[in-house]
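# Examining the three-dimensional arrangement
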Amino acid sequence: MMTRRTLLRTSLRTAAGLPALLSLPRSLRGAEFDLVIRDGHVIDPAQNIDRPADVAIRAGRIALIRPHIPAESATESLDARGQLVVPGLIDIHLHARDSTLLPPEILSTGVTSMVDGGSRGADNLAQVVEIARNAPNRMRILINISRLGNNPNPDPARRGEFMDGLELADVAKARAAIEQNRQWVMGMKARLSRNIAANHDLEVLRLAVQAATPSGIPIMIHMGDTASPLPEILKILRPGDIVTHLYAPPPHGIQDDAGRILPEVRAARRRGIRFDFGNGRTEHWTWAVAQSALAQGFPPDTISTDLEVGGRSEQVFDLPTVMSKFLLLGMPLRQVVACVTANAARSFGEFRDLGSLRKGAAADVTLLELTKGTFNFVDNYKGMRTGMQKLVTRAVVVAGKRVV
Ligand SMILES: [Zn+2]
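Note that the coordinates shown come from a computational prediction; the quantities given were computed from them, not determined experimentally.

Each value, and the rule that gives it
- Residues numbered from 1 in each chain as written.
- Predicted model: local features only at pLDDT ≥ 70, side-chain atom pairs only at ≥ 80, totals over all residues.
- Heavy atoms only, no water.
- Helix = DSSP H or I, 4+ residues; strand = E, 2+ residues; numbered from the N terminus.
- Buried < 20%, exposed > 50% of the residue type's maximum accessible area, 1.4 Å probe, protein only.
- Contact = heavy atoms within 4.5 Å.
- Areas by Shrake-Rupley, 256 points an atom, 1.4 Å probe, with all protein chains shown as cover.
- Lys, Arg positive; Asp, Glu negative; His and termini not counted.
- Charge placed at Lys NZ, Arg CZ, Asp CG, Glu CD.
- 1 Å grid on protein atoms, 1.4 Å probe; cavity = no way out; pocket = protein on both sides within 12 Å on 5 of 7 lines; lining within 4 Å.
- Points joined across faces, edges and corners; volume = space filled by probe spheres on them.
- Nonpolar A, V, L, I, M, F, W, Y, C, P; charged D, E, K, R; others polar.
- Donors = N, O, S within 2.8 Å, 3.2 Å for Na, K, Ca; no water.
- Salt bridge = Lys/Arg side-chain N within 4 Å of Asp/Glu carboxyl O.
- Polar contact = N/O pair within 3.5 Å; in protein donor to acceptor, adjacent residues only side chain to side chain.
- Core = buried A, V, L, I, M, F, W, Y, C linked by side-chain atoms within 4.5 Å.
- Phe/Tyr/Trp six-rings, centres within 6.5 Å; stacked < 30°, edge-to-face > 60°.

When helices and strands are tallied, the protein chain shows 14 helices and 15 strands. For the protein chain, the spread of C-alpha atoms along the three principal axes comes to 85 × 45 × 35 Å. Relative to its 404 residues, the protein chain shows a buried fraction of 55%. When contacts within the protein chain are restricted to residue pairs at least 6 apart in sequence, long-range pairs at least 24 apart make up 71% of them. Summing over all exposed atoms, the protein chain offers an accessible surface of approximately 17,100 Å²; the carbon and sulfur share of this is 52%. Both charge centroids of the protein chain, one from 50 positive and one from 41 negative side chains, sit 8 Å from each other.

A few words on the layout of surface pockets. A probe as big as a water molecule, rolled over the atoms, marks out the empty space that is left. Taken as a whole, the largest pocket holds about 780 Å³ of empty space. If you trace the largest pocket, you find 34 residues lining it, with R191, I196, H222, T282 and H284 closest to the centre. At the level of elements, strand 9 (185-191) and helix 7 (194-197) are the ones that each hand at least two residues to the lining of the largest pocket. Residue composition of the lining of the largest pocket, by class: nine nonpolar, 13 polar and 12 charged.

A word on unusual backbone geometry. Cis geometry marks the peptide bond from P250 to P251, where omega comes out at 5°. Tracing the backbone shows P251 in the loop between strand 11 (242-244) and helix 10 (263-270). Residue A59 is not a glycine yet carries a positive backbone phi of 50°. Positive phi values are uncommon outside glycine, yet D306 reaches one of about 55°. Position of D306 relative to the elements: it lies in the loop between helix 11 (287-295) and helix 12 (319-328).

Our focus in this paragraph is the coordination of the zinc ion. Each pair of donors in an ideal four-coordinate tetrahedral metal site encloses 109.5 degrees, whereas pairs in an ideal six-coordinate octahedral site enclose 90 or 180 degrees. Within the protein, the atoms that donate to the zinc ion are H93 (NE2), H95 (NE2) and D306 (OD), at distances of 2.0 to 2.3 Å. Positions of the donor residues of the zinc ion along the chain correspond to the pattern H-x1-H-x210-D. Taken together, the residues H95 in the loop between strand 6 (89-94) and helix 4 (102-108) and D306 in the loop between helix 11 and helix 12 connect sequence positions 211 residues apart. H95 sits in the buried class, given a relative accessible area of 4%. What makes D306 buried here is its relative accessible area of 7%.

This part is about empty space enclosed by the protein. Summed over all chains, the structure comprises two cavities of 30 Å³ or more. Roughly 70 Å³ of internal volume is contained in the largest cavity. Contributing to the lining of the largest cavity are 13 residues, with L354, G355, S356, A362 and D364 lying nearest its centre. Considered class by class, the residues forming the lining of the largest cavity number five nonpolar, five polar and three charged. Lining the second largest cavity are D91, L94, I106, T109, V111, T305, L307, R312, F317, D318 and L319.

Moving on, we come to the pattern of salt bridges. A complete count under the given rule lists 20 salt bridges for this structure. In this structure, R97 and D98 form a salt bridge, with 3.4 Å as the shortest nitrogen-oxygen distance. On the basis of relative accessibility, which here comes to 15%, the residue R97 falls in the buried class. Owing to a relative accessible area of 43%, D98 belongs among the partly exposed residues under this scheme.

This part takes up the side chain of K325. Within the secondary structure layout, K325 lies in helix 12. One buried charged side chain, K325, makes no salt bridge at all; its nearest oppositely charged neighbour is D318, positioned 8.4 Å away. For K325, the side chain forms a polar contact with the side chain of N279, separated by 2.8 Å. When neighbours within four sequence positions are excluded, K325 is seen to be in contact with N279, W285, W287, Q315, V316, F377 and V378.

Here the focus is the environment of G310. By the secondary structure assignment, G310 is in the loop between helix 11 and helix 12. The spatial distance from the C-alpha of G310 to the C-alpha of P299 is 27 Å, given a sequence separation of 11 residues.

Attention now goes to the nonpolar core. A general feature of soluble globular proteins is that nonpolar side chains tend to end up buried together. Core analysis: the largest hydrophobic core is formed by 87 residues, its most contacted members being I145, M188, Y247 and I303. The leading source of residues in this core is helix 8 (residues 201-212), at eight residues. In this structure, M188 is in contact with L142, I143, I145, A174, I178, A208, A211, A212, I217, P218, I219 and M220, ignoring residues within four places of it in sequence. Listed in part, the 19 residues of the second largest apolar core include A53, I57, V365 and A395.

Turning our eyes to something else, we now look at the packing of aromatic side chains. The full count for this structure, using the stated rule, is six aromatic pairs. Between F277 and F326, the ring centres sit 4.8 Å apart and the planes meet at 90°, which makes this aromatic pair edge-to-face. With F277 in the loop between strand 12 (274-276) and helix 11 and F326 in helix 12, this residue pair connects regions lying 49 residues apart in the sequence. When its relative accessible area of 1% is taken as the criterion, F277 is described as buried.

This part covers helix 12. The buried count for helix 12 comes to nine of 10 residues, which makes it a mostly enclosed element. For helix 12, the complete set of buried residues consists of L319, P320, T321, V322, M323, S324, K325, F326 and L327. Elements that come into contact with the buried residues of helix 12 comprise strand 6, strand 7 (111-117), helix 11, helix 13 (333-339), strand 13 (365-378) and strand 14 (384-398). A positive backbone phi angle near 100° is found at G330, which sits one or two residues after helix 12.

Take a look at the structure:
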């Protein structure tokens, strides 16, 4: 096929009677690409790519994936020998509310798009919007159905959003805040555990549905130790809604008393409810539940960190570390990558075009190395397991520019 470039080259050559354009120095001629990432192993589950290849980028977009793209064809080249080249990682559940320093730190770990999972509600949303506005990566927000967000009450017994009743679940205020912040708010968060919602879990969720419905945004619920059995909660969820902390231990997890995945949980997945990991630090998962569920064919759709400031130095650390826990549990690398790229992108309409290196996509790319050694990982109950490999971020490209 004759591209515009070859056409131009040919016509110049014809007109001048010699290869005029090619005889110009590169600086005048202009390179074909801005950046080429060379000699890495590309994993892009959305396109079924899992092989050695080079990735060329032009004007902030993916231009080409194929073996042996010459370094001279680009203004800059990035050596990816021994590394995995994957779409920029997407973390759909973390908390970036505490510090303007957190988004840059998270970006340095390879996360080019991320979602604050309900840190703030209608009354204090501006605080987290301001952090999103200043973030160097793409940050979006789930608004908490509680107008104060994750309740900051200093009294430990009253810390949950709805320990004193439903007063903080203000549907009208939530709707107004969503409308006023549509460019930032992609969904709603409702935390339903007994230490947050007491025995109001179903009522809280119904109010969240009322608040989210006019704008058509999904709801992410925080499950685990709820007053109601999980199937009662799942009945209220709509296709596209997300259940985070899917490997929370009993009571009222995804398994019955004998450890079998509940049929209602499988049915929920079939009708489009999505299940997210949400590592966090307290009471969200055990090795035993994760291993049992994986053995029964119930992996997470998405792997997320539920990271906040404290998790940076304990248990969670970063998304590649959390991904490594699933390698230890035996999930294939390619599926682990899918959970933080293609699958994560499908969780929110606005992220639909992310999570892949397809031609024309935003050139957000993460370079990971699968390091070998002896690495300890813990669950939320101090259970430790030792793995022999760990993913570590080596470089990050955002919109075609190397930032790490
Ligand atoms: Zn969370």
